[in-house]
Amino acid sequence: MSLASLGRPSLIAAFVFAIAAATLCAYGAIKRKPGIAWAGARSLAVAAGFVALATVSLMTAFFGHDFSLAYVAAHSSRSLSGPYMFTALWSGMEGSLLLWALLLTVFSSIALRQAIHKNPRLVPWAGAVLGGVSIFFLALLVIPANPFIRSAPIPADGLGLNTFLQSPGMLIHPPLLYTGFVGFSIPFAFAMAALFTGRLDEAWFTTTRRWTLFAWSALSIGIVIGGAWAYTELGWGGYWAWDPVENASFIPWLTATAFLHSVVIQEKRRMLKVWNVALILLTYVLSIFGTFLTRSGILSSIHTFSEGPIGKWFLPFLALMLIGGLAVVAWRADALRSENRFDSLLSRESAFLLNNVLFVAAAFTILWGTIYPIIAEALTGTRLSVGPPFFDSVFIPIGLAIVLMTGIGPLISWRRMSKGSFTRIVRYPLLAGGATIVVLALFRVRSLGALLAFSLCAFTATAIVGEFVRGSRIYRNRHGLAWGPAFVRTVLRNRRRYGGYVVHLGVLLIVIGLAGQAFRTERQAVMQTGDKLSVGNYVLTYEGRTQSQTAEKQVNTATIDVTRGGKHITTMHPQRNFHFAQQQPQSEVAIRTTPLEDLYVVVTSFDASSNAAAVRAFVNPLTWWIWVGAFVMLCGMGVLLSSSAPVAAAAPAPSARRFEKVAIS
Amino acid sequence: MDHAPHRKRQAKFLIGGAVIVFVLGGLMAWAMARPGSTSYYLTTSELVQRGPTASGGEVKVSGSVIDGTIHRRGLVTNFAITDGTSHVSVETGQPLPSAFKAGANVVARGSFDGQTFHASEVLAKCPSKFQPKSQ
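The structure presented is a predicted model; accordingly, all values stated were derived computationally and were not measured.

Engineer: Summarise the overall build of chain B; cite the residues concerned and give the values.
Structural biologist: Helix and strand counts for chain B stand at 2 helices and 7 strands. Overall, chain B shows an N-to-C arrangement of helices and strands of α-β-α-β-β-β-β-β-β. By residue count, 30% of the 135 residues in chain B fall in the buried class. Long-range pairs, those at least 24 residues apart, make up 49% of the contacts in chain B with a sequence separation of at least 6.

Engineer: Break down the overall build of chain A for me, citing the residues and quoting the values.
Structural biologist: Secondary structure summary: chain A contains 21 helices and 11 strands in total. Here the C-alpha radius of gyration of chain A, 27 Å, is about what a compact globule of 665 residues would show, namely 26 Å. Burial analysis of chain A (665 residues in total) assigns 52% to the buried set.

Engineer: I'd like a rundown of the pairing of strand S10 (residues 597-606) of chain A, residues and numbers included.
Structural biologist: All names here are of chain A. With 9 of 10 residues buried, S10 is to be regarded as a mostly interior element. Of the strand pairs in this sheet, strand S9 (residues 590-593) and S10 are connected by 4 bridges, and their pairing is antiparallel. Looking across to S10, one finds that Ile 591 is bridged to Tyr 600. Taking the residues that link successive antiparallel strands as the turn, the S10-strand S11 (residues 613-621) hairpin has 6 residues.

Engineer: How would you sum up the interface of chain A and chain B? Please name residues and give values.
Structural biologist: Taken residue by residue, the interface counts 45 residues in chain A and 37 residues in chain B. For the side of chain A that touches chain B, the secondary-structure elements that each account for two or more residues are helix H14 (348-380), strand S1 (384-386), helix H15 (388-408), strand S2 (521-527), strand S8 (584-588), S10 and S11 of chain A. The class makeup of the residues in the side of chain A that touches chain B is 23 nonpolar, 19 polar and 3 charged.

Engineer: Now, about the pairing of S11 of chain A: what can you tell me, with residues and values included?
Structural biologist: Residues and elements named next belong to chain A. For S11, the buried fraction is high: 9 of the 9 residues fall into the buried class. Of the strand pairs in this sheet, S2 and S11 are connected by 7 bridges, and their pairing is antiparallel. Note that in S11 the partner of Ala 525 across the bridge is Val 615. Looking at chain direction, S10 and S11 are connected through 9 bridges and run antiparallel. Bridge assignment links Phe 606 to a residue of S11, and that residue is Ala 613.

Engineer: Please set out unusual backbone geometry residue by residue, giving values where relevant.
Structural biologist: Residue and element names in this part refer to chain A. With an omega dihedral of -5 degrees, the bond running from Ala 152 to Pro 153 counts as a cis peptide bond. By the element assignment, Pro 153 lies in the loop between helix H6 (123-142) and helix H7 (168-183). Phi angles above zero are rare outside glycine, and Arg 270 is one such case at about 55 degrees. When you line up the elements, Arg 270 lands in the loop between helix H11 (244-269) and helix H12 (273-296). We note that Leu 272 has phi near 60 degrees; this positive angle belongs to a residue other than glycine. Here Leu 272 falls in the buried class, since 23 other C-beta atoms lie within 10 Å of it.

Engineer: Which residues make up the sheet that holds S9 of chain A, and what values go with them?
Structural biologist: Residue and element names in this part refer to chain A. Read from one edge to the other, the open sheet built from 4 strands follows the order S2-S11-S10-S9, with strand pairing classed as antiparallel. Single-partner strands in this sheet number two, and they are S2 and S9. Here the average twist between neighbouring strands, direction ignored, is 15 degrees.

Reading guide: rules and limits
Residues numbered from 1 in each chain as written. Chains lettered and ligands numbered in written order. Predicted model: local features only at pLDDT ≥ 70, side-chain atom pairs only at ≥ 80, totals over all residues. Helix = DSSP H or I, 4+ residues; strand = E, 2+ residues; numbered from the N terminus. Buried ≥ 20, exposed ≤ 12 C-beta atoms within 10 Å, placed from the backbone. Contact = placed C-beta atoms within 7 Å. Rg over C-alpha atoms; globule rule 2.2 N^0.38 Å. Pairing = 2+ DSSP bridges. Nonpolar A, V, L, I, M, F, W, Y, C, P; charged D, E, K, R; others polar. Axes fitted to C-alpha atoms, helices over the stretch in contact; angles between N-to-C directions.

This is the structure:
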C-alpha cells in the first residue's frame, strides 16, 4: 500500500474527528461539563494529525511523480524538483484547501491547548466554533475538492507547474497569506465564545493576542512578498494593480489593523466592546470572502460565477458566519455596553477611534470597488470593471489621513488633553512636515500627492522619534546610560508600545516608496543592435542577443549597456525565454536597484528573423524603500510578538512612572 | 448637572461622525466618476453587437487569442480574440504581457471603431491565481 492511498482515508478520518470535536465541545459548553469539551479539543488535535498525514501523503506523491493522482499530474512534471514541489502542492484549489485545513486544525489545537491553562472558560465554545469551521473545510476536501482523485489513464508526465509560480516569492507568499487568514479564526472563535458565555471582558482578546499579532504579521509580510513577486516576475514594472485578488487580501488586512488598535481602547478604558467583536467578525468573514473570490473563479471572469466548483459551498458558509455572528452580537448588545464614555475630542481614545474609522472606511471603499462589478451586473445586467483610478482616488486620501493619525495618536494623552500641551508636543513634528514641503517645493516636486505623503511621513517620523527620545531620556537620566543602550532598553522594557512604533516607522518607509511612483518614467522601443534608448537619466544601448537552450527552455538573453552622464554604470541581461513543457514564453526582468531608484528593463519580444528586441524600461524611484520598510515592520512585529500578554487592564497613564513599573514586572 | 457638557460632547462626536460619512460619500462618488474608474467589460460577441465605442469612451473586451492571428510589426501587434462565437481584431502599440500567446485569455482595454479594437492596454488573466477553466 502506497502512502498516497492513505490520503483520502486520512481526510475522511479528519472530517469525522472534526465533527466529534465540534459536537463534544458544544455539548460540554451547553451542559457546562468542561471535561467533555477537553475531549473535544483533543479530538480536534487528532483531526489535525490526520490532515497532516494527508498532506504528507500528497507531498510524497508529488516527490514520487505519482501521476496516478490527477492533482499531481495537473500541477507538476518529472522535470520539477526541489522546493518548487511545495509551490506545486498549493498551486491549485484542492492543495490550497488542504494547506488551509492543515493550518486551521493545527492552529486550533494549539490555541485551545494554550487556552485551557490561561482561560479555560472560553475553551468549550471556542472549540465548538473552531471545530465547526474545520468541519466546513474538511467537507470541501472530502466532497467537491478532493485532492486524491485518480487520473485515468495515468499520464506519462504531468502538465507541469506554471512557470510564473516557479519563483521563491510564490514558495512563501501563499502559506503566509493562509497563515494570516486562518490565524484570524482563533481570535474570532474566542470572540464568539465570549459572546456565548457572556464573559465579555478583555479576556477573549488578551488570551489570543499573540495569535492575532502572528496572523496579522504573516498577512502583512505575505502581501508585500506578493507585490515583490509581481514586480520581479510579471514584467510590467509595478507591484500592485488593485486587482480583485490583491484587494481580497488587503481588505481583511485593513480591518485586522483596525482591530489591533481598537482592542487597546477596550483594554485601557473598557470601551468599544461591540466594535471590537464586530471588527474581528468582519475580519474573519472578509478573509473567507477573499478566499472565496480568488478560488471560486468569480473574478477571473465575472460570468463564470455559477461555474465555480466551490463557490456554492462558500456562499452559505459566509452567510452563516456573518448573519450568525451579527445575531449573537445583537443578542449580547446589553452586556457589550461601554463602561466609560469619551471624555473629550482631544484624547487618545478619540484618536484611536478616528484611526479605526479611517481603516474601516478604506476597507469599505476598496470592498465597494471590488464587488461593484458583481452588484452592477446583478442590477443592470451589464458587466463593468472598476479600475485603478477609482482605488487610487479613494485610498490615497484615506491612507494619508492614516499616516497623519499615526503621528498624532501617540502624542495625545488618554481621556483628555489641553490644547496648550498638545501644541507644545506637536510643534517639532509640524516643523519637520512644513520644512519637508518647502524643501521639496524648492526642488520643483509638483505632485500634490507625493508632497503630502513626504511631508506627512516627516511629521509622523518626527513624532515617533520624539517618543523614542523621551523614553530613552528617562534611562539616560536615571541610570546614566548612553543613548544607544538607553534606546535598546526603552524598546525592550515596553515592547508593546515601542514595537508598535517600529512597525509604524516601517509603514512610513513603505509609504515613501509608494509615493515614489509619482515620479516614475517609462520608455519603450524596438531596438536593433547598437540602438540607444534614454529613460530618466540613463541611456541604454542594445548590444545584441545570445541564445542557448536547456532541457526546460530556450533562453534568449539581451545584453544592454547602461550609461549615465556618459559614464558606464552596469550591463543588464533581461531575457525572453520559451518554456517547452508549458509552451509558454516568459520574460525575465533585469532590475538594477538602488535606494534612490530602480532601473527596470524587460524584453517583451525578440524579432524572429533579426536580433531586434522590443524593450520596455522603467525608472521607479524609491521602490527599494518598500522592501526595507517591510523588513523594519518585520523587526517591529518581532518585538511585539516577544512581549508578554498584559496581566490586567492597566491604569490609563502612559507616564514615565508607569513605564518604570512595567519595566520592573 | 454633568448632563449639559456631556450632551455637548456627544453632539460634537455626532457632528464629527456626520462629517466623516459625508466626506467619505463624496470621495467615493468623485472617485467613481473619474475617467477610467469604471468601464464596460464585454465579450467579443457583445462588443460586435454594440458596435463602435462612443468617442472618448473606453471599454474592456475579453477573449482568447486565436492561433495564427498574431502579427508583429515593430511595436505594433495585431491579433484576433474570440469568445467562441464571434471574433474581434485587436491592434495595439503597447507591450504585451509576458503570458501573452495563442490561446491565452486576455483582456484588452480601448475603443472599437466597428472593424478593429484599438487597445491601450492588454492584460493576460493573472496566471498565478486561477485554475484552467476547462479540462
